[in-house]
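Chain by chain, the residues:
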Number of protein chains: 2
Amino acid sequence: MNKQKTGNPRGTRDFLPYEMIRRNRIFHIIRTTFEHFGYLPIETPAMENLSTLIGKYGDEGDRLLFKVLNSGNFMEGIDILNSTVNQMAVAICEKGLRYDLTVPFARFVVQHQQEISLPFKRYQIQPVWRADRPQKGRYREFYQCDADVIGSNSLLNEAELIMMIDTIFSKLNMDVCIKINNRKILSGIAHVIGCENKITDITVAIDKMEKIGLEKVKEELLSKNISETSIQQLQPVLLMEGTHIEKLKQLKDILQSSETGLKGIEELETVFDYISQEGLVPNAKVELDLTLARGLNYYTGTIFEVKSLQIETGSITGGGRYDDLTGIFGLSNMSGVGISFGIERIYDIWSELNKNQIDTTEQTVRALFINFGKQEEIYCLKALKQLRADNVCAELFPDNLKLQKQMKYANAKNIPYVILAGENEMELQKFTLKNMQTGQQITLNYEELLTTLSK
Amino acid sequence: MNKQKTGNPRGTRDFLPYEMIRRNRIFHIIRTTFEHFGYLPIETPAMENLSTLIGKYGDEGDRLLFKVLNSGNFMEGIDILNSTVNQMAVAICEKGLRYDLTVPFARFVVQHQQEISLPFKRYQIQPVWRADRPQKGRYREFYQCDADVIGSNSLLNEAELIMMIDTIFSKLNMDVCIKINNRKILSGIAHVIGCENKITDITVAIDKMEKIGLEKVKEELLSKNISETSIQQLQPVLLMEGTHIEKLKQLKDILQSSETGLKGIEELETVFDYISQEGLVPNAKVELDLTLARGLNYYTGTIFEVKSLQIETGSITGGGRYDDLTGIFGLSNMSGVGISFGIERIYDIWSELNKNQIDTTEQTVRALFINFGKQEEIYCLKALKQLRADNVCAELFPDNLKLQKQMKYANAKNIPYVILAGENEMELQKFTLKNMQTGQQITLNYEELLTTLSK
């Protein structure tokens, strides 16, 4: 038999148990918090019709879609000579792998509009696929965790999303800064500096402030034919300092001629008012960042972004308010607001922060029963049955091997306790419990054993 | 803007919240039970290299693999004129979607053999994809839930798997029959009836006993050139009745000339001995079924299959012992035993059995706070923050709409309690709780509210 190549595809990952246990811990925190806030789970298929996906993510996105070959004689009727590669790809592939969770959600809402009631609060935690060039921290398969509420314009939703973000990062023991801005303010600024038609160029440029600095942003704006005068009017906004109250006060002056801009200020004031109430103030730092723009063009109101205050990385969570999620699929006026947690980066940061607690972050099995032979096996199996019913993860080594080998297994699997039950213990209806870290041994009855292992 | 086609691909499914909540409940029971038994989670990517998948599932399987088109100019260097459709598919597709969890697990074990320690107990719950013709109950994307232990020959593993199956179906409140057989016994039978080289034909035929009956099985055996004499010798085995003890006793006579057959009997006796011990007897009916063969050829010892005793369907769980999981990838002597839960059928049966408890099977959100305006919102948000920290799922309606509309939302979302907190309640620091089913209203303080909602 030929030995075959046994790797996983480039840009994809296998997850070993220790990684899965950590990832599941993070997913569990996110999922339960979503549910505490009234968001309900949905799932959509990995494959969508290509017609659902193409044209939704720009030319670059179309190029990065993984396409699934049609079954059967996929070449039948294909005019190879007169087709470009792209035309041929679409002709031989009806389906593609989902690229994000937003477009499938929009398709879902339109398709199931009779089965859901508004406002509809959904969360979705599933992998997505992108044919990106693989590099450190960028994968071709990765999970997204999205929560959206659609069908309600209330700014209470924005405030609750901030509280939800805060709850999740508090539970993860991560210090973060939640940055907020409002697209209407950005529109207002573009208006007052006389560049209303250049709003996209402006947002793309100022979004890079933190990364490339003021001078480079100015250069980029100039290269987009934004005048020196306009840039000079923009500069004080980009450099504005102070609390959100001070910033909003200054902005009211600057934007007094822009109705949209003033609306944006009002919206932010409302959001900040909720989270400034006694008892509702987040643990996280919440900051009004006027350079926050977020690339995606469908945002129309509040926008959010979260960064770690402990380890420098890009954004680890982001989202915002959109006016028209489902228009492209023929259902208009469906506004909403949502956030997406960047689970892969969150996992990296969380692992780095917890690298010294590696023992406890990777445990599930609490105890290994040593196998001393058939009689003892039965005795241990009975105790195991009770322990498992009492919600303790535990196992019996399957073979009667040398003690040393069995101990090695417990260590390799990072199991904190080993249970020795031989003739003596069986006679007394007891169990000898060995703490693998301290080496300490004590003899216990079942109830005491359960108490220790349940801790 | 053109309205686009908005369906999901044929043979795939969207899951609405009520379906997800039920599915998650079933997955949760399976996952926690796996963990109680010491199985650890892994995940592998949705895409595998096609070379990993092709040739592992027979010709039919190869045909049913979903293939993923290469990125970029996939046609470059392809000799269209001299390629068959299959050759071309493999030339333009390096990757495919996983077809089951067993082959990816085998690849994983070989690739990560330095990172795992034996015996290795893993579970894996992920979707798989097959380009089957969609029909009722058969999907192109469906989940598999597998648990395997590799690197141990101990029959304790088989016994524990039976206990694990029993625990899971007990927790699901499903009455099942666990059928057991042993491939070595089937080999022994083939030997004593003089058809050792026809073992595959025999297992394929007798596996259909329950479905097509004795006469049709005999016809099939005849058509495979198995002699009348052999079939007559086989018949009493197929029709054998009684307890497993009675059957094994008769088999010992029949198989006395087959070493393999006697080994199979001994293995089954050991397995039955474990689960006959006082306190270890399963709730499920466990039955020795000599017509159980299971199609897959890699099984070499004990085989299992589970059927519902309440609703007639095919097998809902199956598995067995194999001697050589990873040989095809160059790592030999890796034996193990595993089971796979047929989650889609289990879901159908469980939903049917619980259709009258639909209210309670679909609940996550326990209470909706009615929105009476800004002042009340703040009051409710503070209570909500505490409730969520106390692990209660609850929400505040985001808009101050008419009471009737808000009530309608609670009903549509199947929320059992509504909380009314207006001026009076705020003054008294109380909450009026309305039971949506009985209509009953009571006024409570926070602690009493928490107690009621936590039930």
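Since this is a predicted model, take the numbers as computed values, not measurements. (Residues numbered from 1 in each chain as written. Chains lettered and ligands numbered in written order. Predicted model: local features only at pLDDT ≥ 70, side-chain atom pairs only at ≥ 80, totals over all residues. Heavy atoms only, no water.)

Q: I'd like a rundown of the confidence of the model for chain A, residues and numbers included.
A: Residues and elements named next belong to chain A. Mean pLDDT over chain A works out to 93, with 97% of the residues at or above the 70 mark. When pLDDT is averaged over each helix and strand of chain A, the minimum, 57, is found for helix α14 (residues 358-361) and the maximum, 98, for helix α6 (residues 156-171). Here the predicted complex scores 0.94 on pTM and 0.93 on ipTM. (pLDDT = per-residue confidence, 0-100. Helix = DSSP H or I, 4+ residues; strand = E, 2+ residues; numbered from the N terminus.)

Q: Hey, could you go over the domain arrangement of chain A for me, with residue numbers and the actual values?
A: Domains assigned within chain A are domain 1 (17-43 + 113-353) and domain 2 (367-454). Computed from C-alpha atoms alone, the centre-to-centre distance between domain 1 of chain A and domain 2 of chain A is 50 Å. (Domains from an automatic or database assignment.)

Q: Can you break down the interface of chain A and chain B residue by residue, with the values?
A: Taken residue by residue, the interface counts 112 residues in chain A and 112 residues in chain B. Carbon and sulfur atoms supply 61% of the area buried between chain A and chain B, which totals about 9,400 Å² over both sides. On the chain A side of the interface with chain B, the three residues burying the most area are H36(A), E43(A) and R388(A), jointly 7% of the side's total. With a closest N to O distance of 2.9 Å, E395(B) and K121(A) form a salt bridge. (Contact = heavy atoms within 4.5 Å. Buried area = accessible area lost by both parts, 1.4 Å probe. Salt bridge = Lys/Arg side-chain N within 4 Å of Asp/Glu carboxyl O.)

Q: I'd love a proper account of the relation of the copies chain A and chain B, names of residues and values included.
A: If you rotate chain A by 180° and push it 0.0 Å along the axis, it lands on chain B with an RMSD of 0.1 Å. In the structure described here, the two chain copies are related by an operation that fits a two-fold rotation axis. No C-alpha of chain A approaches the rotation axis more nearly than that of V68(A), which lies at 2.2 Å. In this assembly the copies share their binding face: 100% of the residues contributing to the interface of chain A also contribute to that of chain B. (Least-squares fit on C-alpha atoms with pLDDT ≥ 70 in both.)

Q: Could you give me a rundown of empty space enclosed by the protein, with the residues and numbers involved?
A: Under the definition given, this model contains one cavity of 30 Å³ or more. Approximately 40 Å³ is the volume attributed to the largest cavity. Around the largest cavity, the lining residues are E395(A), L396(A), P398(A), K121(B), V149(B), L156(B), N157(B) and E160(B). Looking at which element gives the most residues to the lining of the largest cavity, the answer is helix α6 (residues 156-171) of chain B, with three residues. (1 Å grid on protein atoms, 1.4 Å probe; cavity = no way out; pocket = protein on both sides within 12 Å on 5 of 7 lines; lining within 4 Å. Points joined across faces, edges and corners; volume = space filled by probe spheres on them.)

Q: Account for the sheet that holds strand β15 (residues 431-435) of chain A, naming residues and giving values.
A: Residues and elements named next belong to chain A. In space, the five strands of this open sheet follow the order β13-β12-β14-β15-β16, with mixed pairing throughout. If you trace the sheet from one side to the other, it starts and ends with β13 (394-396) and β16 (441-444), each paired once. Strand-to-strand twist in this sheet, taken as the mean axis angle between neighbours without regard to direction, amounts to 25°. Looking at chain direction, strand β14 (residues 417-420) and β15 are connected through four bridges and run antiparallel. Bridging from a neighbouring strand, L420 pairs with T432 of β15. (Pairing = 2+ DSSP bridges. Axes fitted to C-alpha atoms, helices over the stretch in contact; angles between N-to-C directions.)

Q: Can you lay out the environment of K430(B) for me, pointing to particular residues and giving the numbers?
A: All names here are of chain B. With respect to the helices and strands, the residue K430 is situated in the loop between α17 (423-428) and β15 (431-435). Of the residues examined, K430 reaches a relative accessible area of 28% and is grouped as partly exposed. Put simply, K430 and G336 are 94 residues apart on the chain and 60 Å apart in space, counted from C-alpha to C-alpha. In this structure, K430 is in contact with Y379, E425, T443, L444 and N445, ignoring residues within four places of it in sequence. (Buried < 20%, exposed > 50% of the residue type's maximum accessible area, 1.4 Å probe, protein only.)

Q: Please provide a residue-by-residue account of the side chain of D100(B), values included.
A: Residues and elements named next belong to chain B. The topology assignment puts D100 in the loop between β4 (95-97) and α5 (102-111). In this structure the side chain of D100 is engaged in a polar contact, spanning 3.2 Å, whose partner is the backbone nitrogen of T102. Polar side-chain contacts of D100 include one of 3.2 Å to the backbone nitrogen of V103. In this structure D100 touches Y57, V128, R130 and Q144, once residues within four positions along its chain are discounted. (Polar contact = N/O pair within 3.5 Å; in protein donor to acceptor, adjacent residues only side chain to side chain.)

Q: Explain the pairing of β14(A) residue by residue, including any values.
A: Residues and elements named next belong to chain A. Residues of β14 alternate between two faces, with Y417 and I419 on one and V418 and L420 on the opposite face, all of them buried. Here strand β12 (residues 367-369) pairs with β14 via three bridges, running parallel. Counterpart to L368 in the pairing with β14 is V418.

Q: Hey, could you go over the pattern of salt bridges for me, with residue numbers and the actual values?
A: Residue and element names in this part refer to chain A. Counted by the stated rule, this structure contains 46 salt bridges over all chains. The partner of D148 in a salt bridge is R122, and the shortest N-O contact between them spans 2.9 Å. Within this pair, whereas D148 is found in strand β6 (residues 141-150), its partner R122 is found in strand β5 (residues 120-129), the two being separated by 26 residues in sequence. By relative accessible area, D148 is classed as buried at 7%. Note on R122: relative accessible area 0%, which makes it buried.

Q: Quick rundown of α6(A)? Include the residues and the values.
A: All names here are of chain A. Over its 16 residues, α6 extends 22 Å from the first C-alpha to the last, a length consistent with the 22 Å expected when each residue adds 1.5 Å. Of all the 16 residues making up α6, 13 are buried; the element is thus mostly covered by neighbouring parts of the structure. Of the residues flanking the end of α6, it is N173, one or two places downstream, whose phi is positive at about 55°. (Expected span 1.5 Å × (residues − 1).)

Q: Got a sec to walk through the sheet that holds strand β12 (residues 367-369) of chain B? Specific residues and values, please.
A: Residues and elements named next belong to chain B. The strand order across the open sheet built from five strands is β13-β12-β14-β15-β16, with neighbouring strands paired in mixed fashion. Since the sheet does not close on itself, it has two edges, and those belong to β13 (394-396) and β16 (441-444), each with one partner. Across this sheet, the average inter-strand angle for adjacent strands is 25°, counted without regard to direction. In the sheet, β15 pairs with β16 via four bridges, with the strands oriented antiparallel. Pairing of K434 across the sheet is with Q441, part of β16.

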